[in-house]
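Below are the chains, spelled out letter by letter.
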Amino acid sequence: MAPNPLHALALLPLYFKRPMAADPLALSISSTFVDIEVAWLYIAGAPFSHGYWHSLSVAATLYPVLVTALVIVIERRCPQQAAWLFRALRWRGGEQRHTTKSIYLCALLGGVSHIFIDMWTHPESCYILWPFAVTSPNPFYLGQWAFAVEFAVLLSSIYAALLWYKAARE
């Protein structure tokens, strides 16, 4: 089960390789904020830690629209704060505005990639195919082979950290 920050880090090589095309804020928010549902379900005492938001259909439809709206508000309505955040994280292009299409595609990729990672590594994710099917246990869970997915996420995250370090030094 990849820790939440690794979901974002695993996608950031896209930004470091193509900073004009990929919005790092959209990638980071969309690949991590879906886990707010996990906290909410835990507090509510639900039997499963992953609910409807951890379905491919929500991750590919409603979720990227909401994340796109949030990122646009942050980057366009609060440009000084967004620029400060980009400088603090040593992300270049904080003053550059990405297109709505670019932000949306990054949000779509982040949400779907989160579900794609989780579907192989969480045995209790029964809403992956919702609304078409609710299956328990998760039919995609790899069992002991889930470490292969986690290892791939870890390698991509290490690569992102190295690219981030290199970009910060330039």
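Structure report, in brief.

## Overview of the packing of helix α6 (residues 62-77) against helix α7 (residues 79-88)
For the pair α6 and α7, the least separation of the axes is 5 Å and the interaxial angle reads 100°. One way to sum up the angle between α6 and α7 is to call them roughly perpendicular. When α6 is examined against α7, the residues I74, E75, R76 and R77 are found in contact with a partner set consisting of P79, A82 and F86. When the residues that make up the contact of α6 with α7 are grouped by side-chain class, the tally is four nonpolar, no polar and three charged.

## Brief notes about a nonpolar patch on the surface
A grouping of L142, W145, F147, F151, L154, L155, I158 and L162 is seen on the molecular surface, where their side chains present a nonpolar patch of about 810 Å² in accessible area. Its location among the elements puts F147 in helix α9 (residues 146-169).

## So, unusual backbone geometry
Omega for the peptide link from W130 to P131 comes to 10°, which places this bond in the cis form. Positive phi, normally seen in glycine, also occurs at R90, with a value near 60°. Residue classification places R90 among the exposed residues on the basis of a relative accessible area of 54%.

## Re the packing of α6 against helix α8 (residues 100-121)
α8 packs onto α6 with a crossing angle of 130° between their chain directions and a minimal axis gap of 8 Å. It follows that α6 is oblique to α8 by the angle criterion. Both α6 and α8 take part in a crossing whose hand is right-handed. Taking contact as the criterion, the partners of Y63, P64, V65, V67, T68, V71, I72, E75 and R76 in α6 are, on α8, T100, I103, Y104, A107, L108 and G111. Per-class residue counts for the contact of α6 with α8 are ten nonpolar, three polar and two charged.

## Things to note about the environment of L27
Turning to its location among the elements, L27 is positioned in helix α3 (residues 24-32). Residue L27 is classed as buried on the basis of its relative accessible area, which comes to 0%. Between the alpha carbons of L27 and C78 there is a distance of 18 Å; along the sequence they are 51 residues apart. Leave out the neighbours within four places in its chain, and L27 touches L11, L14, Y15, A22, C106, L109 and G110.

Definitions and limits used
Along every chain, residues carry numbers that run from 1 in the direction the sequence is written. The model is predicted, so local features are restricted to residues of pLDDT at least 70 and side-chain atom pairs to those at 80 or more, both for listing and for counting; the totals for chains, interfaces and linings are taken over all residues. Side-chain numbers come from the whole structure's heavy atoms, not from hydrogens or water. Comment: axis = line fitted to C-alpha atoms, over the contacting stretch for helices; angle = value between 0 and 180 degrees taken between N-to-C directions. Helical segments are the DSSP runs of H or I of at least four residues, strand segments are the runs of E of at least two, and each set is numbered from the N terminus. Angle categories: roughly parallel below 35 degrees, roughly antiparallel above 145, roughly perpendicular from 65 to 115, and oblique for all the rest. A contact between two residues is defined here by any heavy atoms of the two lying within 4.5 Å. Amino acids outside the nonpolar list (Ala, Val, Leu, Ile, Met, Phe, Trp, Tyr, Cys, Pro) and the charged list (Asp, Glu, Lys, Arg) are all regarded as polar, and Gly is one of them. Like charges within 9 Å and nonpolar side chains (Val, Leu, Ile, Met, Phe, Trp, Tyr) within 5 Å are joined into patches, using only residues over 30% in relative accessible area that form no salt bridge. Here the Shrake-Rupley method, with its probe set to 1.4 Å, supplies the accessible areas, and only the displayed protein chains count as covering residues. Here, a salt bridge means any side-chain nitrogen of Lys or Arg that lies within 4 Å of a carboxyl oxygen of Asp or Glu. When a residue's accessible area, from a 1.4 Å probe over protein chains only, is under 20% of the maximum for its type it is buried; when over 50% it is exposed; and in between it is partly exposed. If you view the pair so one helix is near and one far, a crossing is left-handed when the near helix is turned anticlockwise from the far one by less than a right angle, and right-handed when it is turned clockwise.

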